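Given next are the chains, with one letter for each unit.
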Amino acid sequence: MDLFLERLISGLTNGSIYALLALALVVVFRGTGTLNFAQGELALFTTFVAWWLTTQSLPIWFAIAAALGVGFIMGALIERLLIRPVAKRNDMAVLIVALGLFTGLNSLAGLLWGSETKIMPSPFPNGESDFISIGGARLYGDALGVWGALIGLMGLMTLLFRFTKVGLHMRAVADNATSATLAGVRTSRILAIGWGLSGAIGALAGVLVTPLAPQQLSLTTMFSIFIAASAAALFGGLDSLVGAVVGGLVIGVLEAMLTGYVSVIGGSLQQTSALLIIVVILFAKPTGLFGTTKLVRV
Amino acid sequence: MLGANGAGKTTTMQAIAGLMSWRGSIELDGRPLPRRPEQVVRSGVSLVPQGRGTLGALTVLENLRVGAAVRTDAAGVSADIDRWCEVFPVLGRRSRQTAGTLSGGEQQMLAVARALMSRPRLLLCDEPSLGLAPIVVQELFATLARINETDGTAMLIVEQNAELAMDLASTVYLLDVGTIAASGTPADFRADDAVRTAYLGY
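Computed from a prediction, not measured in an experiment: that's the story for all the values here.

About the thresholds
- Residues numbered from 1 in each chain as written.
- Chains lettered and ligands numbered in written order.
- Predicted model: local features only at pLDDT ≥ 70, side-chain atom pairs only at ≥ 80, totals over all residues.
- Helix = DSSP H or I, 4+ residues; strand = E, 2+ residues; numbered from the N terminus.
- Rg over C-alpha atoms; globule rule 2.2 N^0.38 Å.
- Buried ≥ 20, exposed ≤ 12 C-beta atoms within 10 Å, placed from the backbone.
- UniProt positions renumbered as here; feature names shortened; annotations may be inferred.
- Axes fitted to C-alpha atoms, helices over the stretch in contact; angles between N-to-C directions.
- Parallel < 35°, antiparallel > 145°, perpendicular 65-115°, else oblique.
- Left-handed = near helix turned anticlockwise from the far one by under 90°.
- Contact = placed C-beta atoms within 7 Å.
- Nonpolar A, V, L, I, M, F, W, Y, C, P; charged D, E, K, R; others polar.
- Core = buried A, V, L, I, M, F, W, Y, C linked by C-beta atoms within 7 Å.
- Pairing = 2+ DSSP bridges.

K.L.:
Would you mind going over the overall build of chain B with me for this structure?
P.N.:
When helices and strands are counted, chain B shows ten helices and eight strands. Here chain B has a C-alpha radius of gyration of 17 Å; the compact-globule value for 202 residues is 17 Å, and the two agree. In terms of principal-axis extent, the alpha carbons of chain B reach across some 50 × 40 × 30 Å. For chain B, the proportion of its 202 residues judged to be buried stands at 36%.

Here's what the structure looks like:
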């Protein structure tokens, strides 16, 4: 029983990270209709920024806040300088630019900070004894912190989309950009804010996951997480925030259970199981479990 | 604004609203209009596009609030929302429903109300009667006429149904292959046999 609980806890923790990065993907997808392949590497880059700041003996919380800021600015700049000019031509061009960013950001991080593995400090208590016992399973402080971050972010996003003008305009642009602009919404500013927001959310996922990740902070850390997050976003239908969160948690738990109980899968097939989930979803329900098949009466 | 299919009515509307690039000049009250849609709205011109363009996933109330995107007077915005929900009672009744679930006529009311939320000096309507039942069209046009009278909002309406349009309009423009072929009061149009047979078809 305690083994099951421990797997559940670890699945939910990884799942929370997938959910965070999936949220970043969904925010961009809803605004621009693009799956941002560079999301994971952008998160990696901003995590390196946070790590570098901690090596300058700045406090971890400051480093995280700065990484979120850098993520926001980089996201907004990428939209304005790289995505918008090509988005007018065609969707495939956007995809290619995102793939270019994917390799570009990774190489840039390698160039600036080297390819050797870094130790990223955790903002939460994560010592050997920082746990509470639940039914014999150990729930560590950093797992709780990650859950808290996900819940907090969901709360903030709900407030943003429900109760603020910017949030309302973001939803309007996602629904129909032409109609929104005819109503006087500054569409281009809203899109840049959306990309910025997703850059910041990605940065949060990055700084939270690296202290937990087995390989710590290296140039490949975010890749497998990005794969799982894409699966989570697809699971939710790409345009649903709730779907992304549920998708992230489901994939996290499934992964933990599969690798735990099905010995063939072990550690090495972990990524494959996420990809398998993507394929199964696409076969069974192309719009994802929470995706809106738009309800329209004419 | 009347004209056959392909005469350039929708193109004219879209050019004014800033949805396409154009050469020459478009002026309102002697001042040139900007070229970007959101700036056009800011200068007091609001377009109800063909096909209505309501935001289907948002509620009726949220659609109206998006219509006030260029305004900063929160109290005035709430007052206007109340007002349009009274003028178009169906919007008041369905305020928390998503726009995608409204009928065609209700969506058209919403599209007009949303355009009015920016308090335009000039309201552009591109074929508001398209696909609507005659009774709904009558109701809509009567409401437009009332708003025009009480608020002094100028209206430029593209309409295929010439008779209907001429009942409402003070000036009629006939568009033919991108140029104004004839203009005048509805009475002029009805009296001019040549124009009537050539363009109005009766």
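K.L.:
Is there a simple way to think about the UniProt feature "transmembrane region" (unreviewed entry) in chain A in this case?
P.N.:
Residue and element names in this part refer to chain A. Taken from the UniProt record, the annotation "transmembrane region" (unreviewed entry) applies to residues 12-29, 60-82, 94-114, 144-161, 190-210 and 242-262. Secondary structure across residues 94-114 divides into 95% helix and 0% strand, with the first and last C-alpha atoms of the span separated by 29 Å. Spanning residues 144-161, this segment combines 100% helix with 0% strand, and its end C-alpha atoms are found 26 Å apart.

K.L.:
For this particular structure, what's the right way to read unusual backbone geometry?
P.N.:
Among all residues except glycine, the phi angle is most often negative; among peptide bonds, the trans geometry is most common. Residues and elements named next belong to chain B. Even without a glycine there, the phi angle at D29 is positive, about 55°. When you line up the elements, D29 lands in the loop between β2 (27-28) and β3 (31-32). Of note in this structure, R119 is not a glycine but carries a positive phi near 55°. Relative to the helices and strands, R119 is located in the loop between α6 (104-116) and β5 (122-126).

K.L.:
I would appreciate a short explanation of the packing of helix α2 (residues 39-55) of chain A against helix α9 (residues 221-235) of chain A in the present structure.
P.N.:
When two helices pack together, their arrangement is given by the angle between their axes and by how far apart the axes lie. All names here are of chain A. Two numbers describe how α2 lies on α9: the axes approach to 9 Å, and their chain directions differ by 140°. The orientation of α2 with respect to α9, classified from their angle, is oblique. Crossing geometry of α2 relative to α9 is assigned as right-handed. Within the contact between the two elements, α2 uses Q39, G40, E41, A43 and L44 and α9 uses T221, M222, F223, I225 and F226. Of the residues contributing to the contact of α2 with α9, the split by class is six nonpolar, three polar and one charged.

K.L.:
Sorry, what's going on with the nonpolar core here?
P.N.:
A general tendency of soluble globular proteins is for nonpolar side chains to be buried together. Within the largest apolar cluster, 134 residues are counted, with the highest numbers of intra-cluster contacts made by A:L21, A:A22 and A:A232. When sequence neighbours within four positions are dropped, the list of residues in contact with A:L21 reads A:Q39, A:G40, A:A43, A:G202, A:A205, A:I225, A:F226 and A:A229.

K.L.:
Looking at this model, I keep getting lost on the sheet that holds β5(B). Mind explaining?
P.N.:
In a beta sheet, neighbouring strands pair by backbone hydrogen bonds and run either parallel or antiparallel. Residue and element names in this part refer to chain B. Read across the open sheet, the three strands follow the order β4-β5-β6; overall the sheet is parallel. The open sheet terminates on both sides in strands that have one partner only, identified here as β4 (45-48) and β6 (154-158). The sheet shows a mean angle of 15° between the axes of neighbouring strands, direction not considered. Taken together, the four bridges between β4 and β5 define a ladder with parallel strand orientation.

K.L.:
Which parts of the structure should I look at to understand the sheet that holds strand β1 (residues 2-3) of chain B?
P.N.:
Residue and element names in this part refer to chain B. If you trace the three strands from one edge of the open sheet to the other, you get β1-β7-β8, paired in mixed fashion. For this open sheet the edge positions go to β1 and β8 (179-184), each flanked by a neighbour on one side alone. Bridge count for β1 against strand β7 (residues 172-176) is two bridges, and the pairing is parallel. Within β7, the residue paired with L2 across the bridge is L174.

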